[in-house]
Amino acid sequence: MKCRSWILLCLVNLHPFSLTVLAQNPSYGAAVEVATKTIRPEQIRAHIRFLADSLLQGRAPGTPGYDIAARYVATELEGMGLHPGVSGSWFQPVWLEKAVTDGSASSLVLTVSGKEQKLVDAEDYILNTWFASPAGKDQSKSESDVNAPLVFVRFGVTAPDQKYDDYAGVDVRGKIVVGIYGAPAAFPSTERAYYSDFNVKARMAVAHGAVGTIGIMLPEDWKRSPWEWLIPQIQMGEMHWIDKGGIPQDFFPELQGNALLSQQRAEMLFAGAPKTLEQAFATARAGKPQAFALPESAHIRTVATQSTIHSPNIVAELKGSDRRLRDQYVVYTAHVDHLGICPAVNGDNVCHGALDNASGTSTLLEIARAYASLPEPPRRSVLFVFVTGEEMGLLGSDYFAHFPTAPLNSIVANVNIDGAPGSYFPMKDVVALGAEHSTLGGEVASAAKIMGFEVSPDPMPEEVSFIRSDQYSFVLQGVPAVNVEDGVKSTDPKINGLEMIKKWLVTRYHTPLDNMDQPIDFDSAAKGAVMNFLVGYEVAQQERSPDWVKGDFFGTRFGPRHAGTSTGE
Ligand SMILES: [Zn+2]
């Protein structure tokens, strides 16, 4: 089915409630019609084909490939008649510090009962440099060294709100903490995501006095993220955005060593400990507390080369039509960057990032075109922000959320697109990451009804998706945010959506196989784009601005940073 025919079908097949919604909100109906006519699958396909082309070399920040993609996006936005969003420019400069560990100059040595054992880089362990002290503006090398006893701290999570503390009854001052990737499965999905965040865990380790961290993973996590797949990505290095004083964000000078151990090495680490690794994992899965000293100490020496690179965000603005509300903004985001050059598959070493996230960039371009095509702009203003550095840690969006082009408290909501929903198969339902935390859940439900989609709960909480894309940068600054993702059901009964997505994650995700040769459903992606158009449009039209759900975990924590938002009343 083509785009124009599917929406007719969609409107004909509308649930009676949806017709009521349309009747109550005739402007939504008209807007949906414009968006449906404007957002064409052929155009989405063309954008993706260009952005995923080998010529762009995987769009890594700081490379010509990313800069070409950024120019392409800006050129398209200019052609739509939108306005540049950064004091007359399309580009918001973002400076990033990049650190790449020199594996041959670095080392990890374990000592058990006075006996030293040197581990093998990239085979037994891999080092991260994200904690390390910045090299300073003119230096190109950083070094850190730590030698300390090891303490196992389960997930390394202190969560008073969940009445949970992995550090209870154990003193880790001056120690290296050994912790499991992720957070307890018993936590609600988004709380689990929050406490899985490396930055949150690092802050906790520092607060408890640790001087280094060693990560281990549950076998089920290794299955989803195999060593051979993960290691090359870590070897690409770490990036942080730097502020005007040259200070990188989210680095922890107190943690002087950070390693990830292979499963085999982790097992050996627990030999002679109060519990075997398997027993420790079993207790962790059961949610029971446990922390104990391990018999080893570790000497971690990290040597990294550092460089400063520039990679812009691209920002376009559509001024709102309501004099009272147009100083408030709905911010759309999609990341333009991807991983760059990767380990080759079938002779191809370009990580094309067709779905991740050329698809999101492409649909956001068409969503922007739909807004620009409306006979009258929505009441609130809309910003279309195409960000850099997502793959390296949500860097461009975090920079934007710290230095927005409109005052933070005038940004009423973020709608993020990472992987255009609908791309895998004819989509029957959507998953709205974060929708339950704010009133945005209402706009999502309403938009889904109008579009004929069901809304499903997050089917893979273990992926902690909520903190893994750019909406999270806005949440951290107190802005209600949502990321509409693919659902798990298809209108084609022969397709098992969840299985298809899970298979994609282990076969194509973050490999050169996420390319134009894979099956992509552009018709369905166009329909997903109209859905995302509608979510933002409803927010932009409504009298009240979105708010956090009372007592919400994120709203309570971060809402005050955003305080002062006018409700438009
Ligand atoms: Zn990605």
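So, a few notes on the structure that sits alongside this text. (Residues numbered from 1 in each chain as written. Predicted model: local features only at pLDDT ≥ 70, side-chain atom pairs only at ≥ 80, totals over all residues. Heavy atoms only, no water.)

The next thing to look at is the coordination of the zinc ion. Those protein atoms acting as donors to the zinc ion are Asp356 (OD), Glu391 (OE), Glu391 (OE) and His510 (NE2), and they sit at 1.9 to 2.4 Å. Around the zinc ion sit four donor atoms; with metal-centred angles ranging over 57 to 147 degrees, the donor geometry is irregular. Sequence positions of the donors to the zinc ion reduce to the motif D-x34-E-x118-H. Note that Asp356 is positioned in helix α12 (residues 354–373) and Glu391 in the loop between β19 (381–387) and α13 (395–402), a separation of 35 residues in sequence. A single burial state applies to Asp356 and to Glu391, both of which are buried. (Donors = N, O, S within 2.8 Å, 3.2 Å for Na, K, Ca; no water. Tetrahedral: all angles 85-135°; square planar, octahedral: opposite > 155°, others 65-115°. Helix = DSSP H or I, 4+ residues; strand = E, 2+ residues; numbered from the N terminus. Buried < 20%, exposed > 50% of the residue type's maximum accessible area, 1.4 Å probe, protein only.)

With that settled, the discussion passes to the environment of Tyr472. Along the polypeptide, Tyr472 turns up in helix α15 (residues 471–476). In this structure, the C-alpha to C-alpha distance between Tyr472 and Asn416, residues 56 residues apart in sequence, is 9.2 Å. Ignoring sequence-local partners within four residues, the contact set of Tyr472 consists of Tyr194, Asp197, Leu394, Phe466, Ile467 and Phe554. (Contact = heavy atoms within 4.5 Å.)

Now for the state of the cysteines. Two cysteines joined by a covalent bond between their sulfur atoms form a disulfide. Inspection of the entire model under this criterion finds one disulfide. The disulfide that involves Cys342 links it to Cys351, with 2.1 Å between the sulfurs. Across the S-S bond of Cys342 and Cys351 the torsion is about -120 degrees, and the bridge reads as left-handed. Just as Cys342 is buried, Cys351 falls in that class too. (Disulfide = S-S within 2.5 Å.)

Take the pattern of salt bridges next. A pair can form between side chains of opposite charge whenever their charged atoms are brought close. Within this structure, the stated rule accounts for 20 salt bridges. In this structure, Asp171 engages Arg173 in a salt bridge whose closest nitrogen and oxygen atoms are separated by 3.1 Å. Residue Asp171 is classed as partly exposed on the basis of its relative accessible area of 40%. Among the residues examined, Arg173 registers a relative accessible area of 59% and is labelled exposed. (Salt bridge = Lys/Arg side-chain N within 4 Å of Asp/Glu carboxyl O.)

A word on the nonpolar core. Of all hydrophobic cores here, the largest spans 86 residues; its most connected members are Leu77, Ile314, Ile367, Tyr371, Phe384, Met531 and Phe533. Apart from the residues lying within four places of it in its own chain, the contact partners of Tyr371 are Leu318, Tyr332, Pro378, Val382, Phe384, Phe533, Gly536 and Tyr537. Of all hydrophobic cores here, the second largest spans 76 residues; its members include Val178, Leu218, Val431 and Tyr472. (Core = buried A, V, L, I, M, F, W, Y, C linked by side-chain atoms within 4.5 Å.)

Okay, helix α6 (residues 189–196) next. Three- or four-residue spacings in an α-helix give side chains the same orientation, since the helix completes a turn every 3.6 residues. Counting buried positions along α6 yields seven of eight residues, so the element is predominantly enclosed. Among the residues of α6, those classed as buried are Thr190, Glu191, Arg192, Ala193, Tyr194, Tyr195 and Ser196.

Okay, the side chain of Asn515 next. Secondary-structure assignment places Asn515 in the loop between α16 (497–507) and α17 (522–541). Residue classification places Asn515 among the buried positions, given a relative accessible area of 10%. A polar atom in the side chain of Asn515 sits 3.3 Å from the backbone oxygen of Pro512. Asn515 has contacts with His352, Ala354, Arg508 and Ile520, leaving out every residue within four places of it along the chain. (Polar contact = N/O pair within 3.5 Å; in protein donor to acceptor, adjacent residues only side chain to side chain.)

For α12, spanning 20 residues, the distance from its first C-alpha to its last is 26 Å, which sits close to the expected 28 Å at 1.5 Å a residue. Most of α12 sits inside the fold, with 17 of its 20 residues counted as buried. (Expected span 1.5 Å × (residues − 1).)

With the rule as written, the count across this model stands at 33 aromatic pairs. Between Tyr164 and Phe187, the aromatic rings sit 5.2 Å apart at their centres with planes inclined by 90 degrees, giving edge-to-face as the arrangement. Residue Tyr164 is located in strand β9 (residues 164–165), and its partner Phe187 is located in the loop between β10 (176–180) and α6; the two are separated by 23 residues in the primary sequence. Phe187 matches Tyr164 in its accessibility class, with the two residues each being buried. Here Tyr371 and Phe533 contribute two aromatic rings whose centre-to-centre distance is 4.7 Å and whose plane-to-plane angle is 55 degrees, an arrangement assigned as tilted. Residue Tyr371 is located in helix α12, and its partner Phe533 is located in helix α17; the two are separated by 162 residues in the primary sequence. Neither Tyr371 nor Phe533 differs from the other in exposure class; each is buried. Three or more aromatic residues joined by ring pairs form one cluster here, namely Tyr164, Phe187, Tyr194, Tyr195, Phe466, Tyr472, Phe553, Phe554 and Phe558. Between the NZ or CZ atom of Lys527 and the centre of the ring of Phe453, over which it lies, the distance is 4.6 Å. (Phe/Tyr/Trp six-rings, centres within 6.5 Å; stacked < 30°, edge-to-face > 60°. Lys NZ or Arg CZ within 6 Å of the ring centre and 35° of its normal.)

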